[in-house]
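Read off the chains here:
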Amino acid sequence: MCSGKKPTMSHDEKIDSFMEATCTTKDTAERCLERSSGDLHLSVERYFNADAQYAKWDAPVPLCEKSQIGSKRAREPETVPTTQPVEKKPKRTGEGEKMPWEEIASDPNLANADCFEYNAVKSKLVQSNYQGPKDGSTWLWYLIGEMSVYPDEGTGSKSASVHLKGDKFQAGWLSAPSEPIPHGVIENRKNTMVDSVMQDQVNSYGKARRGCQPGYRHRWTYSDSAWELKGKTVKKGAATSCCSWDEQKEEDRWTVNVHMMWQAQEALTEGIFLVVADQRAEKMNKNQYQTSMSGKKWYLGSVNDAPEKIAAAKNRILGTLLPPSFKPKVVKPKKI
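These lines cover the structure that appears in this document, whether it is placed above or below. (Residues numbered from 1 in each chain as written. Predicted model: local features only at pLDDT ≥ 70, side-chain atom pairs only at ≥ 80, totals over all residues. Heavy atoms only, no water.)

### Considering the pairing of strand 9 (residues 288-301)
Burial analysis of strand 9 places 13 of its 14 residues in the buried class, which makes it a mostly covered element. Where strand 1 (residues 113-124) meets strand 9, eleven bridges bridge the pair, whose relative direction is antiparallel. Across the sheet, residue A113 finds its bridge partner in strand 9, namely W298. In this sheet, strand 9 lies alongside strand 8 (residues 271-285) in antiparallel orientation, the contact comprising 13 bridges. Along strand 9, the bridge assignment pairs V276 with K296. Hairpin connection of strand 8 to strand 9: two residues between the antiparallel strands. (Buried < 20%, exposed > 50% of the residue type's maximum accessible area, 1.4 Å probe, protein only. Helix = DSSP H or I, 4+ residues; strand = E, 2+ residues; numbered from the N terminus. Pairing = 2+ DSSP bridges.)

### Quick word on the pattern of salt bridges
One pass over the structure, following the stated rule, counts eleven salt bridges. For R219, the salt bridge identified is with D246, shortest N-O distance 3.8 Å. With R219 in strand 4 (residues 217-222) and D246 in strand 6 (residues 235-249), this pair connects stretches of sequence that are 27 residues apart. Salt-bridge contacts for D252 lead to R253; the nearest nitrogen and oxygen are separated by 2.8 Å. In this structure, D252 and R253 share a single accessibility class: buried. By sharing partners, the salt bridges in this structure join D167, D252 and R253 into a single network. (Salt bridge = Lys/Arg side-chain N within 4 Å of Asp/Glu carboxyl O.)

Purely geometric stuff here, so don't read any function into it on its own.
Spelled out as structure tokens, the structure:
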């Protein structure tokens, strides 16, 4: 029979749990636990709150950057059901409505681009017991990637396997969903991110973000939803299912690999598409976030086209996103 008493954690287990909760190094975990007399929960809480006693362990973290520390380290052997129960929270909008997202900046008027929206709840593949940043904390991301669509001819091309890979930059952070967005500042940051992708260079703003160390990896499952395409006179899209989102921290960005299935009413187009989008992720609870993505996609070519052709088409389009007044900073090339 279960006694209901929690088993005592060993020192090594506490170190591992602290690193999972805060995404920090083992040395930092050792110092934090030592100065909290081995109290795991107290050490994590003080780390996030940046108490004066703890701030001297590492460089002080400004409030707008402190939130990134809340990512959790996943343990490979653990498994959880694909569908995670959603903790009930009061909705900010009417029942059944999508979480409202705010457009960060206007997109260029390119005739061959399709506008899209994608809203879903993401859940950690490996659940965590640590709260991290408070509920309602909101991250603003900027995604630049290539989406490959492989229609299934057996269904009349109405279903497809979709793979999205690319770079995700943190463009901003809000301490609460209602906090105003500094549109001008965000737009300038996004311009530097587009340029970094085009030039294959380190992004200075992205490199300055604190939190997860390069090499850290996140895995998420996204709830079944819809990838909605919006044209001038029609609105269509595809139902999404089996969506998994895998991302790894690099020096200045996250590299993402997303796999999902599409099911549409009309035949889907095979090919590779450039996707440029704003994503807003609002924390619902310690393991789930409400995400809202909005952006544009451009057809680059067939999945059978040479990579050089796809890359050239991608850079031509990205070049149109930068205003004539933009002057890129000279930064060192990314290390390979």
